[in-house]
Protein chains: 2
Amino acid sequence: MISKKMVGYVNSSSVIRAMFEEGKRLASIYGPENVFDFSLGNPNVPAPDEVNEAFATVIAEEKSTYLHGYMSNSGYEEVREAIANSINSKFGTNFGVKNIVMTVGAAGGLNVILKTLIDPEDEVIAIAPFFGEYRSYVSNYDGKLVVVSPDTSSFQPNLKELEEKITPKTKAVIVNTPNNPTGVIYSEETIIKLAEILNKKQAEFGTDIYLISDEPYRELVYDGFEVPYITKYYANTVVGYSYSKSLSLPGERIGYLVIPSEVADFEDVIAAASVATRILGFVNAPSILQKVVAKCLDAEVNVAAYDKNRKALYNGLKELGFECILPQGAFYLFVKSPIEDEKEFCNIAKKHNILMVPGSTFACPGYVRIAYCVAYETIINSMPKFKELAKEIGLQ
Amino acid sequence: MISKKMVGYVNSSSVIRAMFEEGKRLASIYGPENVFDFSLGNPNVPAPDEVNEAFATVIAEEKSTYLHGYMSNSGYEEVREAIANSINSKFGTNFGVKNIVMTVGAAGGLNVILKTLIDPEDEVIAIAPFFGEYRSYVSNYDGKLVVVSPDTSSFQPNLKELEEKITPKTKAVIVNTPNNPTGVIYSEETIIKLAEILNKKQAEFGTDIYLISDEPYRELVYDGFEVPYITKYYANTVVGYSYSKSLSLPGERIGYLVIPSEVADFEDVIAAASVATRILGFVNAPSILQKVVAKCLDAEVNVAAYDKNRKALYNGLKELGFECILPQGAFYLFVKSPIEDEKEFCNIAKKHNILMVPGSTFACPGYVRIAYCVAYETIINSMPKFKELAKEIGLQ
């Protein structure tokens, strides 16, 4: 018998991952060119050339036992220093080696910081719509996820409700900007107000409330939008970063946490994050990947390709009568379901070989997420199918 | 404030890792050539040439978005198939794709299977001496670690005590052979008796008892010793494997679980292991590493180098009057402390710039572990220091 908790996890298992597996099944039946799988955030844009060059360079430069060996659980010092310097030069911060913990992607980083901070029954606030995996990550440590309901007018966070939901048991608030699934960037005004609320509530309750900023989409922005660096607005911020999207390396599991010296109980938090990395079984972020990303700190994926997809998909769907807002970042379009039950809408779409993820996965029913990190042709070729879908649903 | 559980973890943090950091500190003061750091199992033998060649090959052969992209949480099907076939040809088993879950090393694999199986208060039995991290891994899921005391005459498991300690709450037994820290290989006779006991107790209590075989040292054996493949002796066996030692890739975090179709509730266990891989934040084992190890299934590190170290260290220490048994596998020598308090012995050794790990870390006080996966020169050059130590302690 598997554990009782796992029975629940398996039964309510990731809709996104189930769609991904379903996409592979459909592709084997109809051919991959006839299946329009918008389910998973798996980049179609290749890693920049610097990445594969960096593999060759570090293999040539480094001794095998060093390159493939154990290092401190927090990562190679020289890699953490290079990353700290890169953040400092981009955002005017002042981080050093001691503020960086290399992680197994952002998912690994979030688990490390939640393991570090959360006691059973501690509350962690997430602002809908949010990446549904936060539920599992918080539950792993017996924390309680408190959901702030979505503001579907702008998809900026509902700060009034956030303030009301902070209690003396609130240990952390998770934000994700540019946002998965909406593509919205939380504005500087939003961040300033959020910081004010958190500072006020910390003073009121005499507690520390950590703001965990999950930032895998930081570099994927359009139209010159800027993503505020949140540590500059609120002292108790921990940043979780990943190279999955910015360097198109999602399978490689490489990212980092920034734990600024200004966070409450810094020395304890940084020591515990290193121990958590070890005992959760990560041990350390994959060693050659650490070395590779340190050589690619200024490399960029082809964001213009995502931008082209974004416009084609947004314009195409608007023309067909679908309602959605233009994403400012990331590579997702969050579309209002033309029928109330968006799961039913996804099922109908599947009959047309279109795979999308229901908004309820992101605590925002009535919407669907379309991941446009696919080939441009996929978007163009999907349009006749979306037209069929629009007709069936009564939009056309 | 960090979580209460983490306070305990940080305070009792890994002695091995603390020694590793201490070794780096001493090396910076006295020079690395004057510090004899036998603390960590960090291989000094380089990865076989096939590994770095495989990096180049897979980068040349595979599309970037496939090589560095997401795949099923359990890993690439073709990698899992290649590994299953390799195990089958070596051990006469009959595994397929569905029996293999790629993991972030053995530490990741153990966390995945424990998350899969353990409910709070479930008991997991470990046989002393054992790798101390098992304590944290079991505690991560609120399981209770039950320790079988060491049989210091042979360091084979004390099966009588094991039998007595199995209760209706026993969910799993962890074995590790070749053993860290003793280098002992559990004999076929031991495995057969162990299987008998587990089958008897399963029948008696009407429970399923999973045998988790932690096998990172499987390929590191000397003098032609054989390591029985435990799935052939006991149906409810799950194997945790790692390439950390067999290919000298400990920093890369790559390994796998074997979950045979014969284990109780196989379909649930395999589904839950995939979900656990995702929600613990591993998501999947690093993608390029999966591809690389699949190209190196017959590659071998230079075991003869470890064997040379083994003999030099064993003979050198015996000559100085230390008591120890000759390891049959792995790369550790487990030495009886000449004074009762082996922690004190380690502290005295540290004054001579010799770093070893106290046996209490492995639930076997009165002994120390010496990791001989170091340069041969380190062993030779440490001998005068060991002689000083033997004199100070009164052995000479």
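Chemist: So what exactly am I meant to see when it comes to the overall build of chain A here?
Modeler: Counting its regular elements, chain A contains 15 helices and 12 strands. Its C-alpha radius of gyration of 21 Å places chain A within 12% of the 21 Å reference for a compact globule of 396 residues. With the C-alpha coordinates aligned to their principal axes, the bounding extent of chain A is approximately 60 × 55 × 55 Å. Here chain A holds 396 residues, and 65% of them are scored as buried. A sequence separation of at least 24 residues applies to 74% of the contacts in chain A between residues at least 6 apart. As displayed, chain A has an accessible area near 13,800 Å², and 50% of this comes from carbon and sulfur atoms.

Chemist: Explain the state of the cysteines to me, please; I cannot follow it from the model alone.
Modeler: Here, disulfide denotes a covalent bond that connects the sulfur atoms of two cysteines. Residue and element names in this part refer to chain A. In total, this model carries 0 disulfides over all chains according to the counting rule given. Considering cysteine sulfurs only, Cys-346 is the nearest to Cys-373, which forms no disulfide, with 16 Å between them. Given a relative accessible area of 1%, Cys-373 falls into the buried group.

Chemist: Please clarify how the packing of aromatic side chains should be interpreted in this entry.
Modeler: Enumeration according to the criterion identifies 40 aromatic pairs over all chains in this entry. Relative to Phe-331 of chain B, the ring of Tyr-306 of chain B has its centre 5.1 Å away and its plane inclined at 55°; by these criteria the two rings are tilted. Here Tyr-306 of chain B is found in helix H13 (residues 303-319), whereas its partner Phe-331 of chain B is found in the loop between strand S9 (323-324) and strand S10 (332-336), with 25 residues between them in sequence. Taken together, the aromatic side chains of Phe-38, Phe-322, Phe-345 and Phe-386 of chain A make up a single cluster linked through ring pairs. Note that Lys-291 of chain A overlies the ring of Tyr-76 of chain A, its terminal NZ or CZ placed 4.8 Å from the centroid.

Chemist: Any chance you could explain the relation of the copies chain A and chain B here in plain terms?
Modeler: Two copies of the chain are present, and they differ by a rotation about an axis and a shift along that axis. Relative to chain B, chain A is turned by 180° and slid 0.0 Å along the rotation axis, the superposed coordinates differing by an RMSD of 0.0 Å. Given the turn and translation reported, the copies of this chain are related as if by a two-fold rotation axis. Taken as a fraction of all interface residues of chain A, those also at the interface in chain B reach 100%, which identifies the copy contact as same-surface.

Chemist: Can you help me understand helix H9 (residues 188-205) of chain B in this one?
Modeler: All names here are of chain B. Look at H9: 26 Å from first C-alpha to last across 18 residues, which is about the 26 Å you get at 1.5 Å a residue. Packing partners of the buried residues in H9 comprise helix H8 (159-165), strand S5 (170-175) and strand S6 (210-214). Phi turns positive, to about 65°, at Gly-206, one or two residues after H9.

Chemist: What is the right way to look at the pattern of salt bridges in this model?
Modeler: Pairs may arise between side chains of opposite charge once their charged atoms sit close together. Residues and elements named next belong to chain B. Per the counting criterion, the structure on display carries 44 salt bridges over all chains. For Glu-215, the salt bridge identified is with Arg-218, shortest N-O distance 2.6 Å. Assessed through its relative accessible area of 7%, Arg-218 is described here as buried. The salt bridge involving Asp-307 is made with Arg-310; its shortest N-O contact spans 2.9 Å.

Chemist: Where do I start with a negative patch on the surface in this structure?
Modeler: Residue and element names in this part refer to chain A. Together, Asp-49, Glu-50, Glu-53, Glu-219, Asp-298 and Glu-300 line one region of the surface with negative charge. With respect to the helices and strands, the residue Glu-300 is situated in the loop between helix H12 (287-294) and helix H13 (303-319). Judged by relative accessible area, which is 63%, Glu-300 ranks as exposed.

Chemist: What am I meant to see in the interface of chain A and chain B here?
Modeler: It is common to give the size of an interface as the accessible area that goes away when the parts come together. Facing 79 residues of chain A, the contacting portion of chain B comprises 79 residues. Taken over both partners, the interface formed by chain A and chain B buries close to 6,000 Å², and the fraction arising from carbon and sulfur atoms is 51%. Where chain A meets chain B, there are 48 residue pairs in polar contact (both at pLDDT 80 or more). At the level of secondary structure, the elements contributing two or more residues to the side of chain A that touches chain B comprise helix H1 (4-11), helix H2 (15-30), helix H3 (49-61), helix H4 (64-67), helix H6 (105-117), helix H7 (133-140), helix H11 (266-279) and H12 of chain A. A per-element tally of the side of chain A that touches chain B places H11 of chain A first, with 8 residues. Here the residues of the side of chain A that touches chain B sort into 38 nonpolar, 23 polar and 18 charged.

Chemist: Quick question: what am I supposed to make of the side chain of Arg-253 of chain B here?
Modeler: Of note, Arg-253 of chain B is situated in the loop between helix H10 (243-246) and strand S8 (255-258). Glu-252 of chain B is the oppositely charged side chain nearest to the buried, salt-bridge-free Arg-253 of chain B, at an N-O distance of 8.8 Å. Only 3.0 Å separates the side chain of Arg-253 of chain B from the backbone oxygen of Phe-282 of chain A, close enough to count as a polar contact. Side-chain polar atoms of Arg-253 of chain B contact the backbone oxygen of Pro-250 of chain B, separated by 2.9 Å.

Chemist: Is there a simple way to explain the sheet that holds S10 of chain B in this structure?
Modeler: Working definition: the strands of a sheet are paired by backbone hydrogen bonds and lie parallel or antiparallel to each other. All names here are of chain B. Judged by pairing direction, the sheet is antiparallel, and its 4 strands sit side by side in the order S9-S10-S13-S12 without closing on themselves. Lying at the two open borders of the sheet, with one neighbouring strand each, are S9 and strand S12 (357-358). For S10 and strand S13 (residues 367-371), the ladder comprises 5 bridges, and the chain directions are antiparallel. Residue pairing for S13: Val-335 is matched across the bridge by Val-368.

Chemist: Hey, could you run me through the sheet that holds strand S11 (residues 357-358) of chain A in this one?
Modeler: All names here are of chain A. Pairing is antiparallel in the open sheet, where 3 strands are placed in the order S9-S12-S11. Edge positions in the sheet fall to strand S9 (332-336) and S11, since each has one partner strand and no second. Against the sheet, H13 makes contact with S9 and strand S12 (367-371), and its axis sits at roughly 10° relative to S9, the strand it touches most.

Chemist: Please explain the pairing of S8 of chain B as it appears in this structure.
Modeler: All names here are of chain B. The two faces of S8 match: Gly-255 and Leu-257 on one face and Tyr-256 and Val-258 on the other face are all buried. Pairing analysis gives 4 bridges linking strand S2 (residues 100-103) to S8, with the strands arranged antiparallel. Its bridge partner lying in S8, Ile-100 is registered against Val-258. Of the strand pairs in this sheet, strand S7 (residues 237-242) and S8 are connected by 4 bridges, and their pairing is antiparallel. Across the sheet, Ser-242 pairs through a bridge with Gly-255, a residue of S8.

Chemist: Help me out: how do you make sense of the environment of Asn-158 of chain B in this one?
Modeler: Residue and element names in this part refer to chain B. Inspection of the secondary structure assignment puts Asn-158 in the loop between strand S4 (144-148) and H8. Exposure remark for Asn-158: the relative accessible area of 23% places this residue in the partly exposed category. Asn-158 sits 30 residues away from Ala-128 along the chain, and the two C-alpha atoms are 8.8 Å apart. The contact partners of Asn-158, leaving out residues within four places of it in the chain, are Ile-127, Val-148, Ser-149 and Asp-151. At a separation of 3.1 Å, a polar atom in the side chain of Asn-158 contacts the main-chain amide nitrogen of Glu-161.

Chemist: Help me understand the nonpolar core in this model?
Modeler: Side chains of nonpolar character tend, in soluble globular proteins, to be buried together. Formed by 142 residues in total, the largest nonpolar core has its most connected members in Val-173 and Ile-259 of chain A together with Val-173 and Ile-259 of chain B. Val-51, Ile-288 and Val-292 of chain A together with Ala-47 of chain B belong to the second-largest nonpolar core, a separate cluster that totals 68 residues.

Chemist: For this particular structure, what's the right way to read the confidence of the model for chain A?
Modeler: Detailed reading of predicted coordinates is not advised where the pLDDT is low. Within chain A, residue pLDDT values average 96, and 100% of them lie at 70 or more. For this predicted complex, the interface score ipTM comes out at 0.96, alongside a pTM of 0.97.

Chemist: Would you mind going over unusual backbone geometry with me for this structure?
Modeler: In this model, Ala-128 of chain A is joined to Pro-129 of chain A through a cis peptide bond whose omega is -5°. Looking at the element boundaries, Pro-129 of chain A is found in the loop between strand S3 (123-127) and H7. Omega for the peptide link from Asn-180 of chain A to Pro-181 of chain A comes to 25°, which places this bond in the cis form. Structurally, Pro-181 of chain A can be placed in the loop between strand S5 (170-175) and helix H9 (188-205). If you check the backbone angles, Arg-253 of chain A has positive phi at about 60° while not being a glycine. Its identity is not glycine, yet Ala-330 of chain B carries a phi of approximately 60°, on the positive side. Mapping Ala-330 of chain B onto the fold places it in the loop between S9 and S10. For Ala-330 of chain B, a relative accessible area of 0% puts it in the buried group.

The rules behind these values
Counting restarts for each chain, with residues numbered from 1 along the sequence as it is written. The lettering of chains begins at A and the numbering of ligands begins at 1, in the order of writing. Per-residue local features of the predicted model are confined to residues with pLDDT of at least 70, and side-chain atom pairs are confined, for both listing and counting, to 80 or more; whole-chain, interface and lining totals are unaffected and use all residues. As a rule here, side-chain values come from all non-hydrogen atoms in the structure, and water together with hydrogens is ignored. Numbering of helices and strands starts at the N terminus; helices are DSSP runs of H or I of at least 4 residues and strands are runs of E of at least 2. The globule rule is 2.2 Å times the number of residues to the power 0.38, and the radius of gyration it is compared with is taken over C-alpha atoms. In this scheme, a residue with accessible area under 20% of its type's maximum is buried, one over 50% is exposed, and one in between is partly exposed, where area comes from a 1.4 Å probe on protein chains only. Contacts: residue pairs with any heavy atoms within 4.5 Å of one another. Calculation of accessible area relied on Shrake-Rupley with a 1.4 Å probe; when residues are assessed, cover is drawn exclusively from the protein chains displayed. Pairs of cysteine sulfur atoms within 2.5 Å are what we label disulfides. Here the aromatic set is Phe, Tyr and Trp, taking the six-membered ring for Trp, and pairing holds for ring centres within 6.5 Å; pairs whose planes are under 30 degrees apart are stacked, those over 60 apart are edge-to-face, and all others are tilted. Charge over a ring is defined by NZ of Lys or CZ of Arg lying within 6 Å of the ring centre and within 35 degrees of the ring normal. Alignment of copies: least-squares fit on C-alpha atoms of residues with pLDDT of at least 70 in both copies. To estimate the expected span of a helix, count its residues, drop one, and scale the result by 1.5 Å. Just to be clear on terms, a salt bridge is a Lys or Arg side-chain nitrogen sitting within 4 Å of an Asp or Glu carboxyl oxygen. A residue counts toward a patch only above 30% relative accessible area and without a salt bridge, and it is joined to like-charged neighbours within 9 Å or, for Val, Leu, Ile, Met, Phe, Trp and Tyr, to nonpolar neighbours within 5 Å. We treat Lys and Arg as the positive residues and Asp and Glu as the negative residues; His and chain ends play no part in the count. Here the site of a charge means atom NZ of a Lys, CZ of an Arg, CG of an Asp or CD of a Glu. Buried area is a sum: the accessible area each of two parts loses on coming together, probed at 1.4 Å, counted once for each and added. N or O atoms within 3.5 Å of each other form a polar contact, as long as, within protein, one can give a hydrogen and the other can take it, and as long as residues adjacent in sequence are counted only when both atoms are side-chain atoms. The residue classification treats Ala, Val, Leu, Ile, Met, Phe, Trp, Tyr, Cys and Pro as nonpolar and Asp, Glu, Lys and Arg as charged. All others, Gly included, are polar. At least two DSSP bridges between two strands are required for those strands to pair. Lines fitted to C-alpha atoms define the axes, with helix axes restricted to the stretch in contact, and inter-axis angles between N-to-C directions lie between 0 and 180 degrees. What we call a nonpolar core is a set of buried Ala, Val, Leu, Ile, Met, Phe, Trp, Tyr and Cys residues that are connected through their side-chain atoms within 4.5 Å. pLDDT: the predictor's confidence for each residue, scored from 0 to 100.

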